[in-house]
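As a plain string of letters, each chain reads:
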Amino acid sequence: MDIGIDLGTANTLLYARGQGIVLNEPSVVAMKEGGRSALAVGTEAKETIGRTPGSITAIRPLRDGVISDYEAAEEMIRHFVKKAVPGRRPRTRMVVCVPSGVTPVERRAIVHASQRAGARAVHLIEEPMAAAIGAGLPVAEPRGSMVVDIGGGTTEVAVISLGGIVTSQSLRVGGDRLDAAITDYVRKEHGLLIGERTAEDVKVAIGSAWPVPEDSDLESRTFPVRGREKVGGLPRTLALSAREVRAALDEPVAQIVAAVRATLEECPPELSGDVMEHGIVLTGGGALLPGLDLRLASATGIPVFVAEAALECVAVGAGRCVEDFDGLQRLLTAK
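Looking at an unreviewed UniProt entry, one finds the chain named Cell shape-determining protein MreB, with Streptomyces noboritoensis as its source organism. If you open the UniProt record of the chain and go to Function (unreviewed entry), you find "Forms membrane-associated dynamic filaments that are essential for cell shape determination. Acts by regulating cell wall synthesis and cell elongation, and thus cell shape. A feedback loop between cell geometry and MreB localization may maintain elongated cell shape by targeting cell wall growth to regions of negative cell wall curvature." The UniProt entry for the chain carries the following comment under Subunit (unreviewed entry): "Forms polymers."

Pasting the structure below:
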């Protein structure tokens, strides 16, 4: 069984050859302190974040798109492959997506973890290329296509033509950084300590990067935030407004905008014309942040579109390489 893996900081998606996406779960492992085997993986493990006793730790094996805990990553990949493809199976071939800015050491860590999890062969493909394939962009044509993939740990910006990345930026800012910005804002402005799960709930409920005309109701929304007072330590509930959340998110969003502008500035003139004509495509979970497409369009003067099924684009792109190892995989796999 051949498998494509979007090994994300926040979520891991598996694409099985001939079946499509067969798994989409949080990239979290709950392990006992000092132990080597996982007590829970994925959705079940995420429920334990912030609620574990001292003897159990909820680990996110990837940070900024790369492996930060080798043993936990290996355990997580093995568990997900076994869950997605149950029963006896030969050792699999895997196509694994990696950020375009990873170092050789980080690449080797991903390959070794995948091999120890059961892969007989591991092929790496850069995330912006996989995202572009999954979004249906004509990556093999002599035409410039620009994709911005905003994941949990990284933002990948790339201009692609003739099956290769012409120019790119890999920014270690993503959904996690947006959550951290909300946590920091609530702590500094309201003296309230909140966890990462609460910050993520706030972002999903009322987060935005730009005023959204078709959703004017968003401006007046509030969201109840429960946390612990920084001084005194007592629990308290705060009604956080959408305007405050947008202000909290401004810095990391500005970094994403700057990366897009920098990539455009490095783009050859002919390909810049193609991008201006056909627009920029957003993929990944961060693409769903309301108003982000409008802010990018305002900053660049170029139309910006959110890909259909943006969360799945990278996994689908890896899957298409899996379906055609003799064609797309050989042409597009990162060397």
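What about the sheet that holds strand 3 (residues 20-26)?
Judged by pairing direction, the sheet is mixed, and its five strands sit side by side in the order 3-2-1-9-10 without closing on themselves. One side of each edge strand has no neighbouring strand; the edge strands of this open sheet are strand 3 and strand 10 (119-126). Here the average twist between neighbouring strands, direction ignored, is 20°. Sheet strands touched by helix 3 (residues 104-116): strand 9 (92-98) and strand 10. Its angle to strand 10, the strand with the most contacts, is close to 145°. Running over the sheet, helix 10 (residues 313-323) touches strand 1 (2-7), strand 2 (11-16), strand 3, strand 9 and strand 10 and is turned about 155° from strand 1.

Things to note about the pairing of strand 10
In regular strands, side chains alternate between the two faces of the sheet. As judged from the seven bridges shared by strand 9 and strand 10, these two strands associate in the parallel manner. Pairing of methionine 94 across the sheet is with valine 122, part of strand 10. One crossover worth recording links strand 9 to the parallel strand 10 by way of helix 3, and it is right-handed.

Considerations on the side chain of threonine 154
Turning to its location among the elements, threonine 154 is positioned in the loop between strand 11 (145-150) and strand 12 (155-161). At a separation of 3.4 Å, a polar atom in the side chain of threonine 154 contacts the side chain of glutamate 156. Once residues lying within four places of it in the same chain are set aside, the contact partners of threonine 154 are Asp64, Gly65, Pro99, Glu127, Asp149, Leu171, Arg172, Val173 and Gly174.

Comments concerning the pattern of salt bridges
Evaluation of the coordinates by the stated rule reveals 17 salt bridges. Among the salt bridges present, the one from arginine 236 reaches glutamate 229, with a minimum N-O distance of 3.2 Å. The exposure class assigned to glutamate 229 is partly exposed, which follows from its relative accessible area of 22%. Taken together, the shared-partner salt bridges connect Arg60, Arg63, Asp176 and Glu196 into one network.

Examining the side chain of aspartate 2
Secondary-structure assignment places aspartate 2 in strand 1. A relative accessible area of 8% means that aspartate 2 is categorised as buried. Among the polar contacts made by the side chain of aspartate 2, one reaches the side chain of arginine 17 at a distance of 2.9 Å. Among the polar contacts listed, one links the side chain of aspartate 2 to the side chain of arginine 93, at a separation of 3.0 Å.

A word on the environment of tryptophan 210
Within the secondary structure layout, tryptophan 210 lies in the loop between helix 6 (196-206) and strand 15 (222-229). Distance from tryptophan 210 to alanine 158, taken between C-alpha atoms, is 23 Å for residues 52 residues apart in sequence. With sequence-adjacent residues up to four places away left out, tryptophan 210 is seen in contact with Arg246, Pro290, Gly291, Leu294, Arg295 and Ser298.

Structural notes on helix 4 (residues 127-134)
An α-helix turns once per 3.6 residues; consequently, residues spaced three or four apart project the same way. In terms of residue burial, helix 4 counts as a mostly covered element, since eight of its eight residues are buried. Inspection of helix 4 places Glu127, Pro128, Met129, Ala130, Ala131, Ala132, Ile133 and Gly134 among the buried residues, and these make up the whole buried set. Glycine 136 lies just past helix 4 and shows a positive phi near 85°.

Focus on the sheet that holds strand 18 (residues 304-306)
Reading across from one edge, 13-12-11-17-18 is the order of the five strands in this open sheet, with mixed pairing throughout. Looking along the sheet, the strands with just one partner apiece sit at the ends: strand 13 (164-171) and strand 18. Looking at each pair of strands side by side, their axes are set apart by 20° on average, direction ignored. Of the strands in this sheet, strand 11, strand 12, strand 13 and strand 17 (280-283) touch helix 4, which is tilted by about 65° from strand 12.

Quick look at the packing of helix 5 (residues 175-190) against helix 7 (residues 242-266)
At a minimum axis distance of 9 Å, the contact between helix 5 and helix 7 shows a crossing angle of 130°. One element, helix 5, and the other, helix 7, form an angle in the oblique class. As for how helix 5 packs across helix 7, the hand of that crossing is right-handed. Contact residues: Arg177, Leu178, Ala181, Ile182, Tyr185 and His190 in helix 5; Glu244, Val245, Ala248, Leu249, Glu251, Pro252 and Val253 in helix 7.

Rules behind the numbers
- Residues numbered from 1 in each chain as written.
- Predicted model: local features only at pLDDT ≥ 70, side-chain atom pairs only at ≥ 80, totals over all residues.
- Heavy atoms only, no water.
- UniProt positions renumbered as here; feature names shortened; annotations may be inferred.
- Pairing = 2+ DSSP bridges.
- Helix = DSSP H or I, 4+ residues; strand = E, 2+ residues; numbered from the N terminus.
- Axes fitted to C-alpha atoms, helices over the stretch in contact; angles between N-to-C directions.
- Contact = heavy atoms within 4.5 Å.
- Right-handed = clockwise from strand over helix to strand, strands pointing away.
- Polar contact = N/O pair within 3.5 Å; in protein donor to acceptor, adjacent residues only side chain to side chain.
- Salt bridge = Lys/Arg side-chain N within 4 Å of Asp/Glu carboxyl O.
- Buried < 20%, exposed > 50% of the residue type's maximum accessible area, 1.4 Å probe, protein only.
- Parallel < 35°, antiparallel > 145°, perpendicular 65-115°, else oblique.
- Left-handed = near helix turned anticlockwise from the far one by under 90°.

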